[in-house]
Amino acid sequence: MSPALTETMSPVLTDSCSSDLKQAIKRLQLAFPRVGTGLEQDEEWVVVHHEKQWKKIRLHDYNDLFAVPGLYEKWVYDVLGCRSPQQVRTQLLSCLEEADHSPQTLSVLDLGAGNGYVAGILSEVGVEQFVGIDINPSAATAAERDRPELYSDFVIDDLTDLSDANARTLDSHSFNCLTCVAALGFGDIPPEVFVAAYNRIEDDGWIAFTIKSDFLDDSHDRSGFSGLIRKMLDTNILELVSRKSFEHRKASDGQALMYDAFVGRKRCSFPVVMAH
Ligand SMILES: C[S@@+](CC[C@H](N)C(=O)[O-])C[C@H]1O[C@@H](n2cnc3c(N)ncnc32)[C@H](O)[C@@H]1O
């Protein structure tokens, strides 16, 4: 039996949020750009009242975003209705159940971990072991502030150019699951970093990620992911178990942003040279 899902509850105030985070989310005051401003997904911004002043913050300025407790949750999950973490959780749980694997057996490398939302909701269904990696220092601080003690280690670094100390930290763990939610492309995680994380997962481990559907279309994609994912699937280096298109969230102008969620099994490592 898989653990009970709680998808009907608000995705904002999940059980794994600290009580300080819950209070911060309730108190935050936000102001938004006028609808019709026509902002690209990586240009979206909000004005937030924080420390007695109003401040404009771009969604993709992660250091500023995560520095304000509750801003990410209130804006992305409450206002824009982001469903990517829940989608990945639902699909991963159903694949685990079909394979007769328990969530308790997972040791997760959470790539582009942010402030720990994904690990938080996975912990609510029995996953216990997480290591986070992110490139922005404020992510680690925010994860510890908002969901204390969730990650056994949280590395801030570029996976393709790790410091010796961070490489040793990651080498000290064995991972049988990679999660990467809402973090591929858009000047965020490039294909080489995804491959470096993928190659750290044990063979037969679980790979779960979401990606903007446009990035899977060869004729539109400039992120490099359409080619990478096609190569991974065509060669069975990644064996697909489940793929679903879904509404990731609304854009600031109310348009639906469509993503695909993948869950698969790593059958072997991906040659780094093929990632370019
Ligand atoms: C939209 S947030 C998603 C956070 C989290 N996965 C979630 O769903 O709540 C994208 C995250 O990817 C991180 N990121 C961007 N580029 C990265 C890179 N090259 N390596 C690791 N993390 C990166 C950002 O710092 C940010 O925390």
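How each quantity is defined
Residues numbered from 1 in each chain as written. Predicted model: local features only at pLDDT ≥ 70, side-chain atom pairs only at ≥ 80, totals over all residues. Heavy atoms only, no water. Domains from an automatic or database assignment. Contact = heavy atoms within 4.5 Å. Buried area = accessible area lost by both parts, 1.4 Å probe. Salt bridge = Lys/Arg side-chain N within 4 Å of Asp/Glu carboxyl O. Helix = DSSP H or I, 4+ residues; strand = E, 2+ residues; numbered from the N terminus. Nonpolar A, V, L, I, M, F, W, Y, C, P; charged D, E, K, R; others polar. Buried < 20%, exposed > 50% of the residue type's maximum accessible area, 1.4 Å probe, protein only. Pairing = 2+ DSSP bridges. Right-handed = clockwise from strand over helix to strand, strands pointing away. Phe/Tyr/Trp six-rings, centres within 6.5 Å; stacked < 30°, edge-to-face > 60°. Axes fitted to C-alpha atoms, helices over the stretch in contact; angles between N-to-C directions.

### What to know about the domain arrangement of the protein chain
- The domains assigned to the protein chain are domain 1 (19-79) and domain 2 (84-275).
- When each unit is reduced to the centre of its C-alpha atoms, the spacing between domain 1 and domain 2 is 24 Å.
- Counting residues at the interface gives 18 residues for domain 1, matched by 22 residues for domain 2.
- Of the roughly 1,800 Å² buried between domain 1 and domain 2 on both sides combined, carbon and sulfur atoms contribute 49%.
- The three residues of domain 1 that bury the most area against domain 2 are Gln41, Phe66 and Tyr77, which together make up 35% of that side's buried surface.
- Arg249 is paired through a salt bridge with Glu44; the nearest N and O atoms lie 2.7 Å apart.
- At the level of secondary structure, the elements contributing two or more residues to the side of domain 1 that touches domain 2 comprise α2 (62-67) and α3 (71-79).
- Grouping the amino acids of the side of domain 1 that touches domain 2 by side-chain chemistry returns eleven nonpolar, four polar and three charged.

### Describing the environment of Leu59
- As for its position among the elements, Leu59 is in the loop between β3 (53-58) and α2.
- Overall, Leu59 belongs to the buried group, its relative accessible area being 5%.
- The spatial distance from the C-alpha of Leu59 to the C-alpha of Gly264 is 29 Å, given a sequence separation of 205 residues.
- Not counting residues up to four positions away in its chain, the partners in contact with Leu59 are Glu44, Trp45, Leu65, Trp75, Val76 and Arg249.

### Considering the pairing of strand β5 (residues 129-134)
- A large share of β5 lies buried, amounting to five of its six residues.
- In the sheet, strand β4 (residues 107-111) pairs with β5 via five bridges, with the strands oriented parallel. Within β5, the residue paired with Leu109 across the bridge is Val131.
- With respect to chirality, the unit in which β4 leads through helix α5 (residues 117-123) into the neighbouring parallel β5 is right-handed.

### Here we look at the packing of aromatic side chains
- One pass over the structure, following the stated rule, counts ten aromatic pairs.
- Judged by centre distance (5.4 Å) and plane angle (90°), the ring pair of Tyr72 and Tyr77 falls under edge-to-face.
- The exposure class assigned to Tyr72 is buried, which follows from its relative accessible area of 15%.
- With 3.9 Å between their ring centres and 10° between their planes, Tyr77 and Tyr117 make a pair best called stacked. One end of the pair, Tyr77, is in helix α3; the other, Tyr117, is in helix α5, and 40 residues separate them in sequence.
- Judged by relative accessible area, which is 2%, Tyr117 ranks as buried.

### As for the sheet that holds β5
- The seven strands are arranged β6-β5-β4-β7-β8-β10-β9 in an open sheet whose pairing can be described as mixed. The strands lining the two open edges of the sheet, one partner per strand, are β6 (153-156) and β9 (238-250). Here the strands of the sheet are splayed against their neighbours by 15° on average, with no regard to which way each runs.
- Relative to strand β8 (residues 201-212), strand β7 (residues 175-180) runs parallel, the two being bridged by five bridges. What sits directly across from Thr179, in β8, is Ala208.
- Packed on one face of the sheet, helix α7 (residues 164-171) meets β4, β5, β6 and β7 and runs near 145° to β6.

### Focus on the pattern of salt bridges
- For the structure shown, the criterion picks out twelve salt bridges.
- As a salt-bridge pair, Glu239 and Arg267 come within 2.7 Å of each other at their nearest N and O atoms. Placement of Glu239 in strand β9 and of Arg267 in the segment after β10 (256-266) is noted, with a sequence separation of 28 residues between them.
- Residue Glu239 is classed as partly exposed on the basis of its relative accessible area of 27%.
- Of the residues examined, Arg267 reaches a relative accessible area of 28% and is grouped as partly exposed.
- A salt bridge links Lys250 to Glu247, with the shortest nitrogen-to-oxygen separation between them at 3.0 Å.
- The partly exposed category is assigned to Lys250, whose relative accessible area is 32%.

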